[in-house]
Amino acid sequence: MIWLVFALLTGAAVMSVLWPLARKSDAVDACAADIAFFEEQIAEIERESAEGRLASADAEAARTEAARRLLRARGTSASDASFSRRNAIIAAAGAILLIPAFALLLYGKLGRPELPDASLEARLEAKPGHTDIASAVARIEAHLAEHPEDGRGYEVVAPFYLRNGRPAEAVAAFEKALRLLGPTAHRHNALGEARVMASEGRVTAEAKQDFEAALALDAQSSMARFYVGLEAAQNGDHEKAGDLWSKLLADGPADAPWRARVEALLAQLRGASPTEPAPSSDEGAKIAAMPEGQRMDAVRSMVERLRGKLEQNGADVEGWLRLIRAYSVLAEAEKAKTALDGARKALAQDQDGLARVDALARELGVGG
Amino acid sequence: MIVETGHFALVLALALALAQAILPFAGARLRDVALMRVAQPVAVAQFLLVALAYGALTHAHVVSDFSLVNVIENSHSLKPMIYKISGVWGNHEGSMLLWVLVLSACGAAIALLSRAMPDLLRADTLAVQGLIGAAFLAFILLTSNPFARVADPPWQGRDLNPILQDPGLAIHPPLLYLGYVGFSTVFSFAAAALIGGRIDAAWARFVRPWTLAAWIFLTLGIAMGSYWAYYTLGWGGFWFWDPVENASLMPWLAGTALLHCAAVMEKREALKVWTIFLSILAFSLSLLGTFLVRSGVLTSVHAFASDPERGVFILAILVVFIGGALALFALRAGALPTGSLFAPISREGALVVNNLLLTTACATVVIGTLYPLALEALTGDKISVGAPFFNTVLIPIALPLVLLMPIGQMLAWKRGELIGALQRLRTAFAAGVVALAAFGALYGAPVLSIVSAGLAIYLVVGAFSDIAQRAALGNVLARLRGLPLSAWGTSVAHAGMGLSLLGLAAAGWGVEQIVAMKPGVAQDVGPYQIAIEDVASRAGPNYAETYAVMAVREGGETIARIEPAKRFYQARRMARTEAGIVTLGLGQVYAALGEQHADGTLDARLYYKPLVLLIWLGAMVMALGGGLSLADRRLRIGVAARARAAQPQPAE
Amino acid sequence: MTRKGKRLALISAALAVLAMAVGLVLFALRDNIVFFYSPAELAQKHVAPGTRLRIGGLVKEGTVVRGEDRNVSFTVTDRTADLDVTYKGLLPDLFREGQGVVVDGALAANGAFRADSVLAKHDERYMPRDVADALKKQGVWQGEKQ
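These figures come from a predicted structure and were not determined experimentally. (Residues numbered from 1 in each chain as written. Chains lettered and ligands numbered in written order. Predicted model: local features only at pLDDT ≥ 70, side-chain atom pairs only at ≥ 80, totals over all residues. Heavy atoms only, no water.)

1. What about the confidence of the model for chain A?
Predicted confidence across chain A gives a mean pLDDT of 78, with 82% of residues reaching 70 or more. Of the regions scoring below 50 in pLDDT, residues 272–282 of chain A engages in five contacts with residues more than four places distant in sequence or in other chains. (pLDDT = per-residue confidence, 0-100. Contact = heavy atoms within 4.5 Å.)

Quick look at the structure:
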């Protein structure tokens, strides 16, 4: 089908060359235009002087000048143009052969005729059974574009944004969910946490407002209490932070998943040198609590460790994805590219993994 | 399939552009009419193919087809429709495609609108046009292909740069390109004249409408771009002497000079060589501008040297076409017959002075733009040449030019009388002096603004003095109607220049304030007071914004509300300031937000800009003047010739 | 006037205009160009206070101090040398610690730099050209090639 269209286009293009060659036509005298021009110029001078817009002496001079040129143009008027059947046949044959050949050759090198159009709408309709998260998100985004008042949709996509290094979009989505579905402590907390991640771990004034709003709705919310404490710690108010966190530990259940992290932070806060390294799952929170300069260094060293790990064991798809994303967030395009190349090499056997890496690379614009 | 059809059409367009370059040219040398006439249908077909490719790319952007790299990198499924369409030319590949679309449209227009033109001239002109088209089509296909695909499309694109998501972008580049690339027609005509060795008054008349059309679009494009920068960048400035802006100013100056000397050539067959030279220059500067903007050389000379593919390709095109045309010029210009005589004090003489000043201005802009690049490439020293340089050089050139404009209009062709012309400008001089005194008394400073404003008024009055005096000779209405449209065009365009100058002069009387505003506390800005009534947030389709509602008051009464905002675009994680602007008379009040402090105060830039709208209105009036000239039937030989053919018995 | 005389008059008029233009350009170039330095280059050059300059580098982390009345001070660094900058006015949207910045202004007598305009651009792909160049030379910035 597509080749039929190409053939029709090529045919039309070739015809545009053949058509004038096939028509026998008279030459327009090269001087006819000149003669017409000067005749008209003289007529205009007559008109102007008749209407009194040109002084008679000036009109006379202009008329003589134009008339002189008109005579000259008539004098040279001689048509030397011709029509040659031989030339026409050579040109036609050349056009019939070369235009399609040139187009096919170049298109063959550049084109991807096997790739179908892929409008977003068609793709969303085509793969209903597919469970790939990215396509699900795209589907929800398309739905939200049509129904911007559907708060549930925002609440569903927001955590996806957060996990995929798009915290600013997560903030926007959580904001909309909060506005549309009404405030709950949970929603305020989620928005606040997204804001913290969007500002690279800092509990900003805006985020603090969210956590305070959550506390107003649920004074026992452990997440809000944790972050309000973190805000105090980041701003140097160690006493308040210690106070809040101690209370949090006292109130919370013994098997709370956050207990270890808060204890580690509390210990660090009180100056007790943390001799044993905190478990790696706590690293994020620890880094968040650091002063700004150190924080970047810590993030970088964590990323470097991940890279080391992947050099040992290259089969870890998730690891590669994290590494590429991390470099891209750190604006280290060169390293992201290297990581991408490494991933492609290490995952050469893993078709599925390779596709995910490529998809991420495109999404982030790495290596392109 | 639509995408690949567009891709194939683009390849086919390149094949046809090559045919258009070769066959008519060969026909012209062999004096073969049939071969020469291949030019017209091929030029039209080439345009249709490029248009098809452009349509396919636009369709892909509209339906968010993320299998195209170009769409992934510059679009987002949630972007408003107008930016999906304008986003096609908001990126390198798409804008080059638009460039070629305009180029092939010019070729098709020549093919369709040139019935009365000699075959030889038309064939050579379209061959040159085809050659330019082939070069740029090859550039697009080989180095910047907008139809590059990916097999496994992602689900979301990376959005268009927020600064470009603005209605201004929807209008500005197409207009600018119509102007820029429109000069390609004049270039092709000049090259054809040099190749064919025939150049006369009739040639000038063929070329004039094309020059005018390109100049009109370029004028509007520059004005639009300047207004866009003014309201989107949040600094309240309308011209930054940025190399990208200079790239459009250079061909405008050369094109304006060309417009005037083509008039001399048409009327008097003088200044032929110079006209040809300017025809080549105008488009060469367009090419230079394209090179500067598109090669990456502005980002860094070093980046250009290290990643040469695109830059070197355009540089090669630049060298081949400019070098080729200038070589042809050097070879053939000497053989062109010299034109007729004129006295120094005459319309021709005045237009020569105009050309001298305009080309000098153009040359200084070229130097100011290229000097930093050359210095960096040669010595590694980085400098910036900004407004102080251009103001120092251009103001002493521009003000005498303005002074001479009405005088030139008053002088007769061939031999003029200076004293008489000056006497006829009495009213204009008087108006200028009165304006000077009035503005001086009103504002007192700065001197430059007052002098410029006086000159501007003199120019506006002077522009119409000629028409007024011609009309005063008798029945006013009948005379006004009898005047050729091109005379009206000149006056209107000159008056537009005066209006722009007045707007520029008034920039000296503006008020600029950077203040920390407390909600509810009014701030004086010029004759108005501004107070914040509310600060809030809201979400747009692909951004979130914080905006302030500000009341603009005059004498305690609220006369307008503006909503300056700060927008944050999530997909690119970029912020953008959205100015709040209200037009009051011909002036504007302009507010842009800065930071918001914890205590509720809000930093803001507040401006009062009197008469600022005149800068752009003047440009539109200039373009209107060009349009009046273009509408003059006398400019169209074909029309007149056909009209005569209709009456076999000539009335004369 | 003869044809030759007229041509001569025309050419001398053109030359006069050209000479004036060249004079203006030279004059303007001498007085109105601004050199661009990184803090390290500035430290080597011994520029007299008051000369207009353009400095590019990164805003050093932890040095931004916002004072009364929109006075701001911060340090621009290229990781080799530092330069203290004072500025009064609105900072651009994209001004942040650790990000690229270009400041226009002049050195004050005490060695600090008084800026009258601050430009900043921050996104993954863009950096002011001068800054990127200067940092690339120092080996700090590892941006992708343009």
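Here the narrative resumes, following the displayed structure.
2. Some remarks on helix α17 (residues 333–346) of chain A
Residue and element names in this part refer to chain A. Look at α17: 20 Å from first C-alpha to last across 14 residues, which is about the 20 Å you get at 1.5 Å a residue. Within α17, burial applies to A336, A339, L340 and A343. On an axial view of α17, the arc spanned by its buried residues comes to 105 degrees, and they lie on one face. Counted as exposed and oriented over 90 degrees from the buried face of α17: T338 and K345. (Helix = DSSP H or I, 4+ residues; strand = E, 2+ residues; numbered from the N terminus. Expected span 1.5 Å × (residues − 1). Buried < 20%, exposed > 50% of the residue type's maximum accessible area, 1.4 Å probe, protein only. Arc of directions from axis to C-beta.)

3. Thoughts on a nonpolar patch on the surface
Side chains of L10(C), I11(C), L15(C), L18(C), V22(C) and L26(C) sit close together on the surface and give an oily, nonpolar patch of about 550 Å² of accessible area. Positionally, V22(C) belongs in helix α1 (residues 3–32). (Patch = residues over 30% accessible without salt bridge, like charges linked within 9 Å, V, L, I, M, F, W, Y side chains within 5 Å. Areas by Shrake-Rupley, 256 points an atom, 1.4 Å probe, with all protein chains shown as cover. Salt bridge = Lys/Arg side-chain N within 4 Å of Asp/Glu carboxyl O.)

4. Comments concerning the interface of chain B and chain A
Taken together, the 81 residues of chain B in the interface contact 78 residues of chain A. When the area that chain B buries against chain A is broken down by residue, the three leading residues are M1(B), F8(B) and W155(B), summing to 13%. Remark: the boundary between chain B and chain A carries zero salt bridges. Viewed at the interface, chain A and chain B are joined by twelve residue pairs in polar contact (both at pLDDT 80 or more). Taken together, the elements giving at least two residues each to the side of chain B that touches chain A come down to α1 (2–30), α2 (33–36), α3 (39–62), α7 (119–143), α9 (201–232), α10 (243–268), α19 (476–482) and α22 (637–646) of chain B. With 16 residues, the single largest contributor to the side of chain B that touches chain A is α1(B). For the side of chain B that touches chain A, the residue count by class is 46 nonpolar, twelve polar and 23 charged. (Buried area = accessible area lost by both parts, 1.4 Å probe. Polar contact = N/O pair within 3.5 Å; in protein donor to acceptor, adjacent residues only side chain to side chain. Nonpolar A, V, L, I, M, F, W, Y, C, P; charged D, E, K, R; others polar.)

5. Section: the nonpolar core
The biggest cluster of nonpolar side chains holds 185 residues, and the ones touching the most others in it are V17(A), L21(A), I99(A), W99(B), W203(B) and I276(B). Discounting chain neighbours no more than four positions away, the residues touching I99(A) are V14(A), V17(A), G94(A), L12(B), A15(B), L16(B) and A19(B). Counting residues in hydrophobic clusters, the runner-up holds 23 residues, among them I407(B), L459(B), A506(B) and W509(B). (Core = buried A, V, L, I, M, F, W, Y, C linked by side-chain atoms within 4.5 Å.)

6. Regarding unusual backbone geometry
Residues other than glycine predominantly adopt negative phi, and peptide bonds predominantly adopt the trans conformation. Residue and element names in this part refer to chain B. The phi angle at W241 is positive, at roughly 55 degrees, despite the residue not being glycine. A residue is classified by how much of its surface remains accessible, and W241, at 14% relative accessible area, is buried. Its identity is not glycine, yet L611 carries a phi of approximately 60 degrees, on the positive side. You can see L611 is positioned in the loop between β11 (602–609) and α21 (613–631).

7. A look at the sheet that holds strand β2 (residues 511–517) of chain B
Residue and element names in this part refer to chain B. If you trace the four strands from one edge of the open sheet to the other, you get β2-β11-β10-β9, paired in antiparallel fashion. Each edge of the open sheet is held by one strand with a lone partner, namely β2 and β9 (580–584). Neighbour-to-neighbour, the strand axes of this sheet turn through a mean angle of 15 degrees, independent of strand direction. Of the strand pairs in this sheet, strand β10 (residues 587–596) and β11 are connected by seven bridges, and their pairing is antiparallel. Along β11, the bridge assignment pairs A592 with R605. (Pairing = 2+ DSSP bridges. Axes fitted to C-alpha atoms, helices over the stretch in contact; angles between N-to-C directions.)

8. Focus: the pairing of β10(B)
All names here are of chain B. Most of β10 sits out of view: eight of its ten residues are buried. Here β9 pairs with β10 via five bridges, running antiparallel. Across the sheet, residue V582 finds its bridge partner in β10, namely V589. Taking the residues between adjacent antiparallel strands as the criterion, β9 and β10 are bridged by two residues, where G585 takes a positive phi near 65 degrees. The turn joining β10 and β11, which pair antiparallel and follow one another in sequence, is formed by five residues; a positive phi near 90 degrees is taken by G600.

9. Regarding the state of the cysteines
Residues and elements named next belong to chain B. Overall, the coordinates contain zero disulfides over all chains when judged by the stated rule. The cysteine C106 is free of any disulfide, with C261 supplying the nearest cysteine sulfur at 20 Å. Unpaired in terms of disulfides, C261 finds its nearest cysteine sulfur in C362, a separation of 13 Å. (Disulfide = S-S within 2.5 Å.)

10. Focus: the packing of helix α6 (residues 92–112) of chain B against helix α8 (residues 167–196) of chain B
All names here are of chain B. Direction vectors running N to C along α6 and α8 enclose 45 degrees, while the axes themselves pass 9 Å from each other. The orientation of α6 with respect to α8, classified from their angle, is oblique. Every pair of crossing elements has a handedness; the one defined by α6 and α8 is right-handed. Residues S95, L98, W99, V102, L103, C106 and I110 of α6 pack against P173, P174, Y177, L178, Y180, V181, G182, S184, T185 and F189 of α8. A breakdown of the residues in the contact of α6 with α8 according to their chemical character gives 13 nonpolar, four polar and no charged. (Parallel < 35°, antiparallel > 145°, perpendicular 65-115°, else oblique. Left-handed = near helix turned anticlockwise from the far one by under 90°.)

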